[in-house]
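Summary of the model geometry
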Amino acid sequence: MTQPLQGQAAVDQLLEILDLKQVDAATFTGDSPQTGAQRVFGGQVAGQALIAAGRTVDPARNVHSLHGYFVRPGDPTEPITFHVETIRDGRSFSVRRSTAKQHGKTIFFMSASFQLLEEGLDHHEPAPSGVPAPEDVPTMRDWVTKYPSRRAAFNASPQAVDVRYIGQPGWVPPGDRDADPQQRVWMRVDGKLPDDPLIHACALTYASDLSLLDAVLSYHGEVWGPGGVVGASLDHALWFHRGFRADEWFLYDSASPSASGSRGLANGRMFTRDGRHIASAVQEGLLRRVGA
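Rules used throughout
- Residues numbered from 1 in each chain as written.
- Predicted model: local features only at pLDDT ≥ 70, side-chain atom pairs only at ≥ 80, totals over all residues.
- Heavy atoms only, no water.
- UniProt positions renumbered as here; feature names shortened; annotations may be inferred.
- Helix = DSSP H or I, 4+ residues; strand = E, 2+ residues; numbered from the N terminus.
- Rg over C-alpha atoms; globule rule 2.2 N^0.38 Å.
- Buried < 20%, exposed > 50% of the residue type's maximum accessible area, 1.4 Å probe, protein only.
- Contact = heavy atoms within 4.5 Å.
- Lys, Arg positive; Asp, Glu negative; His and termini not counted.
- Charge placed at Lys NZ, Arg CZ, Asp CG, Glu CD.
- Expected span 1.5 Å × (residues − 1).
- Polar contact = N/O pair within 3.5 Å; in protein donor to acceptor, adjacent residues only side chain to side chain.

The name given to the chain in an unreviewed UniProt entry is Acyl-CoA thioesterase 2, and the organism recorded there is Actinoplanes regularis. Recorded in UniProt under Catalytic activity (unreviewed entry), the annotation for the chain is "a fatty acyl-CoA + H2O = a fatty acid + CoA + H(+)". The UniProt entry for the chain carries the following comment under Sequence similarities (unreviewed entry): "Belongs to the C/M/P thioester hydrolase family."

Following this line, the structure appears as structure tokens:
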């Protein structure tokens, strides 16, 4: 039976995907893993767009926010071209616009802002209490063992990120997911990353798209797929608050404040194991019911 690419091998593949080829000072190209998927994973193209933008900025300036729109589904069999526009380079901030194209059309675009390290006011709300440790939460392999019909899809995708739901994943069969207005997931890149902060920011961007819309479904006890919901990300925003390593455990604490008009909004906060608030995300997605 085919086994999924996992651990350091999967992380190395992710690093290869993020290692864009530079065409000129403002143009880069990147590929997608050949998994048989019908479209490019949104977190991948967002992470690649951020790498492209970051490579045009002074390395002393770290990304602190990004805002992106998914315009068209990406074709995983074709390279993606990223063009970076320099919007501004000030004394403390640099702003870039990164546009991803395939077949002559835009599939994704992002604005990202970078800042020199500065001292200032510092506070954040506490991390959720009473949350089980990641070692005490079922792995995705545990869930696939329980639902063997999901094994083929699991094995087809590289498992570069270790994702552990404290509740049920969004892909369990209809009726097997409890309604819960709060969704909590432990995550980490499942291998060693280089020390470059931009790589960690891009890896976190990639991971932030793995489960966020699940929070909308969790509110209703809904699931993805037949008898549930199909959907796609429409936009994605991410703020980086404090230094972190994406290859160390972080808790993704997510909720959905609203869903209407076949769209759902989800927001999430990311905390290290010692309770530091490292990032915040907001995403809206298209969500439509499908028959059994």
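On a plain count of helices and strands, the chain comes out with 6 helices and 12 strands. Relative to the 2.2 N^0.38 estimate, which gives 19 Å for 292 residues, the radius of gyration of the chain is 18 Å and therefore close to what a compact globule would have. Principal-axis analysis of the C-alpha atoms gives the chain an extent of 55 × 45 × 40 Å. When burial is assessed residue by residue, the chain has 48% of its 292 residues classed as buried. Of the contacts made within the chain by residues no fewer than 6 positions apart, 73% connect residues no fewer than 24 positions apart. The chain carries 28 positive and 33 negative side-chain charges, and their two centres are separated by 4 Å.

This brings us to helix 5 (residues 197-208). Given 3.6 residues per turn, any residue in an α-helix points the same way as the ones three and four places further on. In this model helix 5 runs 16 Å from its N-terminal to its C-terminal C-alpha over 12 residues, within 8% of the 16 Å that 1.5 Å per residue would give. Counting buried residues along helix 5, 11 of its 12 residues qualify, which places the element largely inside the surrounding structure. All of the buried residues along helix 5 are L198, I199, H200, A201, C202, A203, L204, T205, Y206, A207 and S208. For helix 5, the N-terminal cap is D196; the gap from its side-chain oxygen to the backbone nitrogen of L198 is 3.0 Å.

Time to look at the side chain of S65. Within the secondary structure, S65 is located in strand 3 (residues 61-70). On the basis of relative accessibility, which here comes to 8%, the residue S65 falls in the buried class. Here S65 is in contact with S111, A112, S113, L238, W239 and F240, once residues within four sequence places are set aside.

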